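Understanding the architecture of this molecule
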Amino acid sequence: MTTITGTEISRAADLLAAGEVVAIPTETVYGLAANALDGRAVARIYEVKGRPAFNPLIVHVPDANALKKYAREIPDLVFTLAEKFSPGPITYVFPKRDNIPDIVTAGGDSVAIRIPAHPMARALLERLPFPLAAPSANPSGYVSPVSAAHVAAQLSGNIAYILDGGHCAVGLESTVVKIEQGSIRILRPGAVTHEMLAAIAPVTEANTDKVLPGAGQSSPGQLASHYAPRIPVIIGDVKLLAQTYKDRKVGLISLDELSPSRDLAEAAQKLFSRMRDYDATVDVILAEWMPNEGVGIAINDRLRRAAATQP
Ligand code: TXA
Ligand code: MG
């Protein structure tokens, strides 16, 4: 299959309507999209990504009204959050309706739904009569793509079209939340931060989120196969590590290196590009924890996963 990269929303829409898989830009990372109501189209996503069948997909919809079509119960708190943060980099988990095929939710009873903010993603969703299931458009286990070129580098030949929406503004996958008895459980940290959510309702964090600088890996099963470049990622004091690795070709990741003005949002936007560049050019990545606040928590989460034992 020839893969074409372009900016034609109508072409992407036609392919999706025909049951094809198309890479689309979002403000977080590029997604590998298919008609979420078509189990066969969604099966192609798993095939192209090499994604394990137990990992459910996010369903993308054009606006908050569409949530009701696919979610069985919507806590009021979600509408409050959606008013503030959607369209944007946040995903909500709900009990699913029967119209969502089991393959989308990996057989589970809940569905994750997001309203993306990228103008091309919105235009596409608004013209389609169905929602889009879309995981990040990378082979399972690798770093998420934040440009059309990143997608093409790995999925060329396997998908028909890459809708090119430029470099992703956020650069990290969305915050995934679930409402439990009036509080917000963060299942995956992202650019909608703990602090932003805590201003609205009590927040609890699942698993790994509050990374302590210097902390070891937690449960490897959770971490091992995610967001990892092929080369080793070592986290610590980059100046000391640079001494230890002085005979190797190293790439450095630190707040100063990603953002000279020490802006965490800029660091988040550049993180995955930097990891990919280093993966192609150096032997080992030496990284330093970000300040553990704001989007720094999400960056630290991705760094920790990248550093987790690799196959
Ligand atoms: O920013 C994003 O979320 C990007 C763009 C393309 O929207 N998508 C993305 O998808 O990162 P993916 O498949 O790479 O990650 C989806 C995450 C996984 O951690 C998955 O386990 C979780 O969302 N997830 C999906 N459905 C879920 C559900 N029903 N309950 C709990 N977690 C769920
Ligand atoms: Mg992913």
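Preceding this paragraph is the structure being described.
The rules behind these values
Note that residues are indexed from 1 along each chain, following the sequence as it is written. Working convention: letters from A go to chains and numbers from 1 go to ligands, in the order in which they are written. Predicted model: local features are reported for residues with pLDDT of at least 70 only, side-chain atom pairs are reported and counted for 80 or more only, and whole-chain, interface and lining totals are derived from all residues. For side-chain calculations, the full set of non-hydrogen atoms in the structure is used, while hydrogens and water are omitted. Runs of H or I in DSSP of at least four residues are treated as helices and runs of E of at least two as strands, each being numbered from the N terminus. What the globule rule says is 2.2 Å times the number of residues to the power 0.38, and the radius of gyration is computed from C-alpha atoms. Here the term buried applies to any residue with accessible area under 20% of the maximum for its type, exposed to any over 50%, and partly exposed to those in between, with areas from a 1.4 Å probe on protein chains only. What makes two residues a contact is simply this: any of their non-hydrogen atoms within 4.5 Å. Note on areas: Shrake-Rupley with a 1.4 Å probe; residue coverage comes only from the protein chains shown. By the counting rule applied here, Lys and Arg register as positive and Asp and Glu as negative, while His and the ends of each chain are not counted. For charged residues, the charge sits on one atom: NZ in Lys, CZ in Arg, CG in Asp, CD in Glu. Salt-bridge detection follows one rule: a side-chain nitrogen of Lys or Arg within 4 Å of a carboxyl oxygen of Asp or Glu. Note on definitions: angles span 0 to 180 degrees between N-to-C directions of axes, and those axes are lines fitted to C-alpha atoms, for helices only across the stretch in contact. Geometric relationships in this document are graded by angle, where less than 35 degrees denotes roughly parallel, more than 145 denotes roughly antiparallel, 65 to 115 denotes roughly perpendicular, and other angles denote oblique. Crossings are sorted by hand: turned counterclockwise from the far helix by less than a right angle, the near helix makes the crossing left-handed, and turned clockwise it makes it right-handed. Throughout this entry, Asp, Glu, Lys and Arg are counted as charged residues, while Ala, Val, Leu, Ile, Met, Phe, Trp, Tyr, Cys and Pro are counted as nonpolar. The remaining residues, Gly among them, count as polar. Working definition of a nonpolar core: buried Ala, Val, Leu, Ile, Met, Phe, Trp, Tyr and Cys residues. They are joined through side-chain atoms within 4.5 Å. In protein, a polar contact means a hydrogen-donor-capable atom and an acceptor-capable atom, both N or O and within 3.5 Å, with residues adjacent in sequence counting only if both atoms are side-chain atoms; elsewhere, any N or O pair within 3.5 Å suffices.

Looking only at helices and strands, the protein chain features twelve helices and 14 strands. The C-alpha atoms of the protein chain give a radius of gyration of 19 Å, which matches the 19 Å a tight globule of 311 residues would have. In terms of overall dimensions, the protein chain has a C-alpha envelope of 55 × 50 × 35 Å along the principal axes. Relative to its 311 residues, the protein chain shows a buried fraction of 54%. When contacts within the protein chain are restricted to residue pairs at least 6 apart in sequence, long-range pairs at least 24 apart make up 70% of them. Of the accessible surface of the protein chain, which amounts to about 12800 Å², a share of 52% is contributed by carbon and sulfur atoms. Counting 30 positive and 32 negative side-chain charges, the protein chain places the centres of these two groups 2 Å from one another.

For the rest of this paragraph, the subject is the pattern of salt bridges. Counted under the stated rule, the structure contains 15 salt bridges. Among the salt bridges present, the one from Glu173 reaches Arg302, with a minimum N-O distance of 2.7 Å. With Glu173 in the loop between β8 (161-163) and β9 (175-180) and Arg302 in helix α12 (residues 296-307), this pair connects stretches of sequence that are 129 residues apart. Both residues of the pair, Glu173 and Arg302, belong to the buried class. The residue Asp279 makes a salt bridge to Arg230 at a minimum N-O spacing of 3.5 Å.

Here we take up the packing of helix α1 (residues 9-17) against helix α5 (residues 119-127). Between α1 and α5, whose axes approach to 10 Å, the crossing angle comes to 50°. Taken together, α1 and α5 sit at an angle that is classed as oblique. Like other packed secondary-structure pairs, α1 and α5 cross with a definite hand, here right-handed. Judged by residue contacts, Ile9, Ser10, Ala12, Ala13 and Leu16 of α1 engage Met120, Ala123, Leu124 and Arg127 from α5. Tallied by class, residues from the contact of α1 with α5 come to seven nonpolar, one polar and one charged.

A word on the nonpolar core. Grouped together as the largest cluster of nonpolar side chains are 77 residues, with contacts concentrated most on Leu197 and Ile253. Ranked by the residues each element gives to this core, the list is headed by helix α11 (residues 264-281), at seven residues. In this structure, Leu197 is in contact with Leu81, Phe85, Ile90, Thr175, Val177, Ile184, Ile186, Val192 and Val203, ignoring residues within four places of it in sequence. Of all hydrophobic cores here, the second largest spans 18 residues; its members include Ala12, Ala33, Leu125 and Ala160.

We now examine the environment of Ser254. Position of Ser254 relative to the elements: it lies in the loop between β13 (250-253) and α10 (255-258). Considered as a pair, Ser254 and Gly236 are 18 residues apart in the sequence and their alpha carbons are 10.0 Å apart. Side-chain polar atoms of Ser254 contact the backbone nitrogen of Glu257, separated by 3.1 Å.

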